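Residue-level listing of the chains:
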2 protein chains.
Amino acid sequence: MKLSEIGELSLLERIRSRFAASAKDVMAGIGDDSAVVIPRDQPLLLTTDMMTEGVHFDLGLTTCYQIGFKLISVNVSDIYAMGGVPRFVLLDLAADRKTEEQCIESFFDGVQRAMSIYLVRLIGGDLSSSKAGLAVSATVMGYAKKPVMRSGARPGDRIYVTGTLGDSACGLELLKRIRRPLFIETGDRTDSPMGWRTMQPLLRRHLLPEARRPGRVAKVATAMIDVSDGLLIDLSRLCDESGVGARIYMRHLPLSSQMRKAASALGIEPYALATSGGEDYELLFTAPRGRKVDAVVIGEITESERIFVDRNGTERPFSPEGYQHWH
Amino acid sequence: MKLSEIGELSLLERIRSRFAASAKDVMAGIGDDSAVVIPRDQPLLLTTDMMTEGVHFDLGLTTCYQIGFKLISVNVSDIYAMGGVPRFVLLDLAADRKTEEQCIESFFDGVQRAMSIYLVRLIGGDLSSSKAGLAVSATVMGYAKKPVMRSGARPGDRIYVTGTLGDSACGLELLKRIRRPLFIETGDRTDSPMGWRTMQPLLRRHLLPEARRPGRVAKVATAMIDVSDGLLIDLSRLCDESGVGARIYMRHLPLSSQMRKAASALGIEPYALATSGGEDYELLFTAPRGRKVDAVVIGEITESERIFVDRNGTERPFSPEGYQHWH
């Protein structure tokens, strides 16, 4: 059934009953002009991200479930990148009349699954029509006793990353060759163009990314950002805000064995994926030298120089490389 | 210049410096992964609304300034409808490569003008590309010591509205006949299809709506909603949440003299605009009988019957009539 046959009020009713569960800190959720919550006595974090069809996702390559799951993950990742704990979500969804109800239901299945992982609650949103195509956005609110900004890095600090880089970008390259939506959330698989054991984790990183919980990192980090647009562009942002430089070492960048294998089979330079590929949602942070940190050190903060040291020890300046809209 | 010639980073930089002013309750605004604010020790209100090209606005009839202004107003209206005070805004904007930079600048001019009226601050957002067309959404956060829900209306309560109804819908009808964007924000005017003195306030209500501050109403109201989709649909929502009915009187509905005049010239029934026209952003609320209230009484809450009493005293049931997406 298409949305034009269902209508706004009945869809809203369905969403409302699905997300109706009560909570102590929610005075009013979906169904009033605004949501009402009782805030903790802590600094409050707010972030928002939008995803549009044909730019952030292609319905020829992605399921509606994956869009919903990813929308929550990318927003939660911004809360984690402040060392915070996410708590509430608001959603905006615009879809055209021809959209299948099944897609909207699957979208909310993905949203709900992600919410259960991050322990966040949906408290409000807006459903509306669009002329053509799907556009979704989420706002996530959270808390952090001591927020970690991008601006706190100091020369001498070590630079860390919480996991492997380039996996998501490699997963996207695989997906472009598979050329169909892969319902991995329900066990769907494929062995082309290489073995599933190699492909599965990479595709998963791209299609169903999970935001990285900061844990103890939040206590030691002097500055932090999530890797959403690519290592070099996101590191440049951290450096800009801190007014510092950075030196990073190619040989220290963590690459997964699956990514190396897949990149080689695809004829792509794995370090290009690791430095400029987006959507890994690992945390990139700095901490004073000598602190015990459960993450991979990839370099150190400098006064102002921004240097990439390649495998042979050759130094070259780096500049923001990664995804930019409208370019 | 088009966005494709400017790029995301430079546009972001411009927006950031425009909205950079500091505030005591903002620890981090635009430029980090999340905004960080210090909340008041009060219930916190959160609301979001999205507007898409071809559905909520038509760039052949609306200026980019007006879109920005209206986006803030419609969200603030949802905070006012809880008896709240708005404080922070986050914005999402998706535009295609061919969008003129001038449109984006004007959009933010409109946003900024509205922000100065409502005393809210922009603390974050997301810029991204779209395949085609403009999509914008805002999330507004505010406070209310004692939020007024939709659910508090009781039989015997009087029903009030804070201002005239149908003006915005009538303004839209005029605009459809003028068939061009009207830059009223910079003094643009037209005398077709009738005198400017009649048209100006109606067009303004549609193009540059101002949300209605609740003031003392918040103290006496038992239930409240803003009239965004139309009187009958919004009153039905309030009744649904409160589990009550309503009886409203056609002869009590406040209609502006300009709207009566324009509707008559356009051959439209003015009461159809007043009952089913959306986007007036007046507050519709209930209060116990006998309370002194600075608003127009239009009826009373009943046990369950939903009755519209026409000019001749004839009673007929009413049902939700007004804007529904996808229908």
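Higher on the page you've got the structure.
About the cut-offs
- Residues numbered from 1 in each chain as written.
- Chains lettered and ligands numbered in written order.
- Predicted model: local features only at pLDDT ≥ 70, side-chain atom pairs only at ≥ 80, totals over all residues.
- Axes fitted to C-alpha atoms, helices over the stretch in contact; angles between N-to-C directions.
- Helix = DSSP H or I, 4+ residues; strand = E, 2+ residues; numbered from the N terminus.
- Parallel < 35°, antiparallel > 145°, perpendicular 65-115°, else oblique.
- Left-handed = near helix turned anticlockwise from the far one by under 90°.
- Contact = placed C-beta atoms within 7 Å.
- Pairing = 2+ DSSP bridges.
- Nonpolar A, V, L, I, M, F, W, Y, C, P; charged D, E, K, R; others polar.

A. Structural context of the packing of helix H5 (residues 167-178) of chain A against helix H9 (residues 257-266) of chain A. All names here are of chain A. Between H5 and H9, whose axes approach to 10 Å, the crossing angle comes to 40°. Overall, the two elements H5 and H9 adopt an arrangement that is oblique. For the pair H5 and H9, the crossing hand works out as left-handed. Of the residues in H9, those in contact with Asp167, Cys170, Glu173 and Leu174 of H5 are Met259, Ala262, Ala263 and Leu266.

B. How the structure looks around the sheet that holds strand S2 (residues 35-37) of chain A. Spatially, the six strands line up as an open sheet ordered S1(A)-S2(A)-S3(B)-S6(B)-S4(B)-S5(B), and their pairing is mixed. Where the open sheet ends on each side, the last strands, each with one partner, are strand S1 (26-28) of chain A together with strand S5 (121-129) of chain B. Shown here is a sheet whose adjacent strand axes are inclined to one another by a mean of 20°, direction ignored. Looking at chain direction, S2(A) and strand S3 (residues 44-52) of chain B are connected through three bridges and run antiparallel. Paired with Val37(A) across the strands is Leu44(B), a residue of S3(B). Each of S3, strand S4 (85-95) and strand S6 (135-143) of chain B touches helix H3 (residues 64-80) of chain B; the most contacted strand, S6(B), lies at about 35° to it.

C. Looking closely at the interface of chain B and chain A. Contacts between the two partners involve 64 residues from chain B, matched on the other side by 64 residues from chain A. Counting residues per element, the side of chain B that touches chain A draws most heavily on S3(B), at eight residues. When the residues that make up the side of chain B that touches chain A are grouped by side-chain class, the tally is 30 nonpolar, 20 polar and 14 charged.

D. Layout of the sheet that holds strand S12 (residues 306-309) of chain B. All names here are of chain B. One open sheet holds the seven strands; their spatial order is S8-S10-S7-S11-S9-S12-S13, and the pairing between them is mixed. Two strands in the sheet have a free side with no partner beyond their single neighbour: strand S8 (223-226) and strand S13 (315-317). Strand-to-strand, the axes of this sheet are offset by a mean angle of 25°, without reference to chain direction. Of the pairings in the sheet, the one linking strand S7 (residues 158-161) to strand S10 (residues 283-287) comprises four bridges and is antiparallel in character. Within S10, the residue paired with Arg158 across the bridge is Ala287. Helix-sheet contacts for helix H8 (residues 231-242) involve S8, strand S9 (245-249), S10 and S12, and the interaxial angle to S8 is about 150°.

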